[in-house]
Amino acid sequence: MVTVLLFIGGVLFVAIGVVVSIALHEVGHLLPAKLFNVRVTRYMIGFGPTLWSRKKGETEYGFKAIPAGGYVAMIGMYPPNPVDGSVRPSSTGMFQTMATEARSMAHEEVGPEDKNRVFYALLVWKKIVIMLGGPTMNLLIGIVLTGVLLMGFGSPQPTTTLSQVSACQVAYGAPEPTDMAKCTKTPAAAAGLLPGDTIKTFDGRVVTDWAALTEWIRADAGKTVEMSYQRGDRTITTTVTPVRTARPVLDANGNAKVDAGGRAVTVEAGFIGMGPTSVLVPESAAAVLPAVGNNVAQIGGVVFHLPQKLVGVAQAAFSSQPRDPNGPMSVVGVGRAAGEVASMQQVPLSARVGTLVGLMAGVNLALFVFNLIPLLPLDGGHVLGALYEGARRTIAKALRKKDPGAFDIARMLPVTYVAAGLLLVMGALLIYADIVKPVNLFG
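A few points on the structure. Every residue gets a number counted from 1 within its own chain, in the order that chain's sequence is written. Only residues with pLDDT of at least 70 are given local features in this predicted model, and only at 80 or more are side-chain atom pairs given and counted; all residues enter the totals for whole chains, interfaces and linings. Note: side-chain values were computed over all heavy atoms of the structure, leaving out hydrogens and water.

**Considerations on the packing of helix α1 (residues 2–35) against helix α3 (residues 124–153)**
Axis definition: a line fit to C-alpha positions, over the contact stretch in the case of helices; interaxial angles, taken between N-to-C directions, run 0 to 180 degrees. Under the scheme used here, helices are H or I runs from DSSP no shorter than 4 residues and strands are E runs no shorter than 2 residues, and both carry numbers assigned from the N terminus. Running from N to C, α1 and α3 point in directions that differ by 140 degrees, and their axes come no closer than 7 Å. When the interaxial angle is binned, α1 and α3 end up oblique. As α1 runs across α3, the sense of the crossing is right-handed. Where α1 approaches α3, its residues Ser 21, Leu 24, His 25, Val 27, Gly 28, His 29, Pro 32 and Ala 33 are matched on the opposing element by Val 129, Ile 130, Met 131, Gly 133, Gly 134, Pro 135, Met 137, Asn 138 and Ile 141. Classification convention: Asp, Glu, Lys, Arg as charged; Ala, Val, Leu, Ile, Met, Phe, Trp, Tyr, Cys, Pro as nonpolar; all other residues, Gly among them, as polar. Its residues placed into classes, the contact of α1 with α3 shows 10 nonpolar, 7 polar and no charged. Roughly parallel refers to an angle under 35 degrees, roughly antiparallel to one over 145, roughly perpendicular to one between 65 and 115, and oblique to any angle outside these ranges. Left-handed describes a crossing whose near helix is turned anticlockwise from the far helix through less than a right angle; right-handed describes the clockwise counterpart. Any pair of residues with heavy atoms lying within 4.5 Å of one another is described as a contacting pair.

**Re the state of the cysteines**
The criterion for a disulfide is a pair of cysteine sulfur atoms lying within 2.5 Å. Tallied over the full model, the rule gives 1 disulfide. A sulfur-sulfur distance of 1.9 Å marks the disulfide that ties Cys 168 to Cys 183. Measuring the twist about the S-S bond at about -115 degrees, one finds the Cys 168-Cys 183 disulfide to be left-handed. Highlighted residues: Cys 168 in the loop between β3 (155–165) and α4 (187–190) and Cys 183 in the loop between β3 and α4, separated in sequence by 15 residues. On the basis of relative accessible area, Cys 168 is assigned to the buried category, the value being 2%. The rule is simple: take the accessible area with a 1.4 Å probe, protein chains only, and divide by the maximum for that residue type; under 20% is buried, over 50% is exposed, in between is partly exposed.

**Some remarks on the nonpolar core**
Core analysis: the largest hydrophobic core is formed by 35 residues, its most contacted members being Val 38, Met 74, Phe 119 and Ile 130. Those elements giving two or more residues to this core turn out to be α1, β1 (40–56), β2 (59–74), α3, α8 (331–342), α9 (349–371) and α10 (379–398). Among the elements that make up this core, the one with the highest residue count is α1 (6 residues). The definition of a nonpolar core used throughout is a set of buried Ala, Val, Leu, Ile, Met, Phe, Trp, Tyr and Cys residues joined through side-chain atoms within 4.5 Å. Counting residues in hydrophobic clusters, the runner-up holds 16 residues, among them Leu 162, Ile 199, Ile 217 and Ile 236.

**So, a nonpolar patch on the surface**
A cluster of nonpolar side chains, Met 1, Val 4, Leu 5, Phe 7, Ile 8, Val 11, Leu 12, Ile 16, Val 20 and Leu 24, forms an exposed patch at the surface whose accessible area comes to about 900 Å². One can find Met 1 in the segment before α1. Given a relative accessible area of 75%, Met 1 falls into the exposed group. For patch building, the residue pool is restricted to those with more than 30% relative accessible area and no salt bridge; the joining distance is 9 Å between like charges and 5 Å between nonpolar side chains (Val, Leu, Ile, Met, Phe, Trp, Tyr). The Shrake-Rupley method, run with a 1.4 Å probe sphere, supplies the accessible areas, and residue values consider only the shown protein chains as cover. The term salt bridge refers to a side-chain nitrogen of Lys or Arg lying within 4 Å of a carboxyl oxygen of Asp or Glu.

**A short note on α10**
Every α-helical turn comprises 3.6 residues, leaving residues that sit three or four positions apart pointing alike. In this model, α10 (20 residues) spans 29 Å end to end at C-alpha, consistent with the 28 Å of a helix rising 1.5 Å per residue. If you check which residues of α10 are buried, you get Asp 379, Gly 380, Gly 381, His 382, Val 383, Gly 385, Ala 386, Glu 389, Gly 390 and Ala 396. Where α10 is buried, its residues contact α1, α3 and α9. To estimate the expected span of a helix, subtract one from its residue number and multiply by 1.5 Å.

Here it is as structure tokens:
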């Protein structure tokens with residue numbers, strides 16, 4: 001019963017955290033819009049029927065039934081009809097009709113007194129500031145939470161004490177055989193090492209750092225070396241021969257590198273089959289921004305290869321293939337992971353809370369990166385439209401031509417609808433996969 005309650009608590013932590021993150025994302029749009037005197041009619045969290053709202057000044061604030069996002073409604077998002085300055089259709093084509101209807105909605109609440117308060121009339125840089133406000137807010141949340149994690153809880157650092165000793169030699173990433181008769185002992189198991197042993201020396205060198213020990217083992221493939229370890233109050237000396245096998249290539253942080261398809265990059269190196277325990281070590285403020293940068297780069301890699309990643313998700317969801325632990329997840333998958341973390345009663349409470357904080361930091365950094373994709377209806381698409389407007393105005397000025405005016409982003413609505421449809425399909429696929437074939441983050 002306690003485990004179930006803890007699991008639910010972890011899920012609620014993520015659910016509330018996501019809603020707060022969305023709310024602050026929209027605040028990032030709201031504040032600069034009001035600063036630049038754009039009339040904001042609605043600030044809503046969620047979509048669908050309104051559950052609760054209250055009007056303050058000229059803006060209605062509220063919550064809607066489906067907590068799958070949010071929006072800030074600003075008047076005059078699209079300029080009037082470029083032909084006659086109205087919002088009436090200039091033709092009966094499908095795309096023109098779509099654009100005209102969007103313009104009409106954008107001008108429904110525009111009055112004569114709002115001439116200088118419409119979004120489309122803003123200077124380009126002000127449009128960009130408003131549209132980047134939301135992603136920037138998620139970035140700031142991610143930085144703050146990463147700081148809380150690293151400086152308050154600490155990051156896991158490997159020690160020279162063993163947490164596990166693999167019994168069988170298997171290919172990297174493959175499970176150990178169930179038939180122990182087919183098991184070839186790892187060098188560590190053959191040498192008699194056990195979890196809890198602390199490595200003291202390796203090939204005549206004193207062991208104080210796990211990363212250095214890993215490099216020594218990798219370099220000594222096929223070579224029999226002397227190793228000593230402490231078990232209780234005894235120091236035991238033995239010999240071990242690292243086997244040459246495929247091992248992951250590690251980055252500067254000790255994490256396995258992956259290729260464009262999400263597969264681990266491997267190299268032939270020495271291996272003896274043991275893993276370290278880890279302890280949380282608080283870090284200084286100087287470590288926060290580099291950690292955020294690494295996280296953003298990893299998320300960016302996933303987003304850049306998103307079509308390929310989604311194919312892998314679909315294949316795993318409808319077959320016996322495992323999910324890529326480095327692939328995308330929906331909020332359902334993140335909530336499940338949070339529930340698993342919260343219910344691990346054998347793990348210290350501080351470590352569980354720290355992991356949950358890290359999950360929410362990752363969610364906000366993912367929102368930051370994802371919203372920068374230069375496609376409507378995402379914020380990056382609006383930024384791209386503003387940049388295009390600025391570029392063509394600059395070119396027209398340089399050529400001494402007439403100012404072309406605000407770019408009519410309503411012309412991009414067909415692309416917007418296609419992109420929105422793809423986003424819905426992607427979300428449905430990820431949610432389905434997170435239910436039937438969830439990512440296994442914790443073994």
